[in-house]
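Given next are the chains, with one letter for each unit.
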Amino acid sequence: QQQVRQSPQSLTVWEGETAILNCSYENSAFDYFPWYQQFPGEGPALLIAIRSVSDKKEDGGFTIFFNKREKNLSLHIKDSQPGDSATYFCAAKGNTRKLIFGLGTTLQVQP
Amino acid sequence: EAGVTQSPRYAVLQEGQAVSFWCDPISGHDTLYWYQQPRDQGPQLLVYFRDEAVIDNSQLPSDRFSAVRPKGTNSTLKIQSAKQGDTATYLCASSLAGGEDTQYFGPGTRLLVL
């Protein structure tokens, strides 16, 4: 059973649009939610993260919206650029140091 | 500051062969993680260490996989008798206890078992 679910599996947007990537989780004990960006042939790199005490986190053109009651969150990528084309992973962690990853959303930004 | 380094970057094996992956974490990071990432999936934790001690290896197929971190710095992950189902990218990550405990990943080793 997938503890962290992501949707859509793949997403295509035009340059300049806002891409919205969704994530939901099962375990109420999760309290830290990082998003990782991965390019082909590379390891994942931390993009932005949020703790469950917050409902929004912004960093540059990336924003996480978090809904604790509904156990879901979303990553908004504003003014998407072709260089943002990558796979994005939502992950979750509770009181251990184990990160649980979703299956990822592959984003394609068309020029 | 140097990131997490891994070697080799690629490995191709026949079923039944053994292979070892090596990881050098970020200097000063006390926690080291090994993940398996099958194609088109997210990373899945295999094992992690705090210093030289194994903290959790519950997802490591112990009959064929082993991992060590003898001095609490570099680490080696070994597959004793590879199977086609082991085809994946093996990622190493490290973190420093406390604060956000952010995990920093290496580039991975892409393993193909024929």
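Report follows, based on the coordinates. Please read these numbers as outputs of a predicted model, since none were measured by experiment.

## Some details on the overall build of chain B
For chain B, the helix and strand inventory stands at 0 helices and 11 strands. Of the regular secondary structure in chain B, the N- to C-terminal order runs β-β-β-β-β-β-β-β-β-β-β. For chain B, whose C-alpha radius of gyration is 13 Å, the value lies close to the compact-globule estimate of 13 Å for 114 residues. Principal-axis analysis of the C-alpha atoms places the extent of chain B at approximately 40 × 25 × 20 Å. Counting all 114 residues of chain B, 48% fall into the buried class. Sequence separation of 24 or more characterises 54% of the internal contacts of chain B that already satisfy a separation of 6 or more. Surface exposure of chain B reaches about 5500 Å², of which carbon and sulfur atoms provide 47%. Measuring between centres, the 9 positive side-chain charges of chain B sit 8 Å from its 12 negative side-chain charges.

## Considering the sheet that holds strand 1 (residues 4–7) of chain A
Residues and elements named next belong to chain A. What the 5 strands build is an open sheet, ordered 1-3-8-7-6; its pairing is antiparallel. Both edges of this open sheet fall to strand 1 and strand 6 (56–59), since each of them pairs with a single strand only. On average, each strand axis in the sheet is tilted by 15 degrees relative to the strand beside it, whichever way the strands run. Direction of pairing for strand 3 (residues 19–25) relative to strand 8 (residues 72–77): antiparallel, over a ladder of 6 bridges. Note that in strand 8 the partner of Cys 23 across the bridge is Leu 73.

## So, the packing of aromatic side chains
On inspection of all chains with the given rule, the structure shows 14 aromatic pairs over all chains. Ring geometry for A:Phe89 and A:Phe101: centres 6.3 Å apart, planes at 80 degrees, overall edge-to-face. Of this pair, A:Phe89 sits in strand 9 (residues 86–92) while A:Phe101 sits in strand 10 (residues 100–101), placing them 12 residues apart in sequence. Here A:Phe89 matches A:Phe101 in class, with each residue buried. Judged by centre distance (5.2 Å) and plane angle (45 degrees), the rings of B:Tyr35 and B:Phe105 are tilted. Residue B:Tyr35 is located in strand 4 (residues 31–37), and its partner B:Phe105 is located in strand 10 (residues 104–105); the two are separated by 70 residues in the primary sequence. A relative accessible area of 12% means that B:Phe105 is categorised as buried. Three or more aromatic residues joined by ring pairs make a cluster, and in this case those are A:Tyr36, A:Phe89, A:Phe101, B:Tyr33, B:Tyr35, B:Tyr48 and B:Phe105.

Parameters and conventions
Residues numbered from 1 in each chain as written. Chains lettered and ligands numbered in written order. Predicted model: local features only at pLDDT ≥ 70, side-chain atom pairs only at ≥ 80, totals over all residues. Heavy atoms only, no water. Helix = DSSP H or I, 4+ residues; strand = E, 2+ residues; numbered from the N terminus. Rg over C-alpha atoms; globule rule 2.2 N^0.38 Å. Buried < 20%, exposed > 50% of the residue type's maximum accessible area, 1.4 Å probe, protein only. Contact = heavy atoms within 4.5 Å. Areas by Shrake-Rupley, 256 points an atom, 1.4 Å probe, with all protein chains shown as cover. Lys, Arg positive; Asp, Glu negative; His and termini not counted. Charge placed at Lys NZ, Arg CZ, Asp CG, Glu CD. Pairing = 2+ DSSP bridges. Axes fitted to C-alpha atoms, helices over the stretch in contact; angles between N-to-C directions. Phe/Tyr/Trp six-rings, centres within 6.5 Å; stacked < 30°, edge-to-face > 60°.

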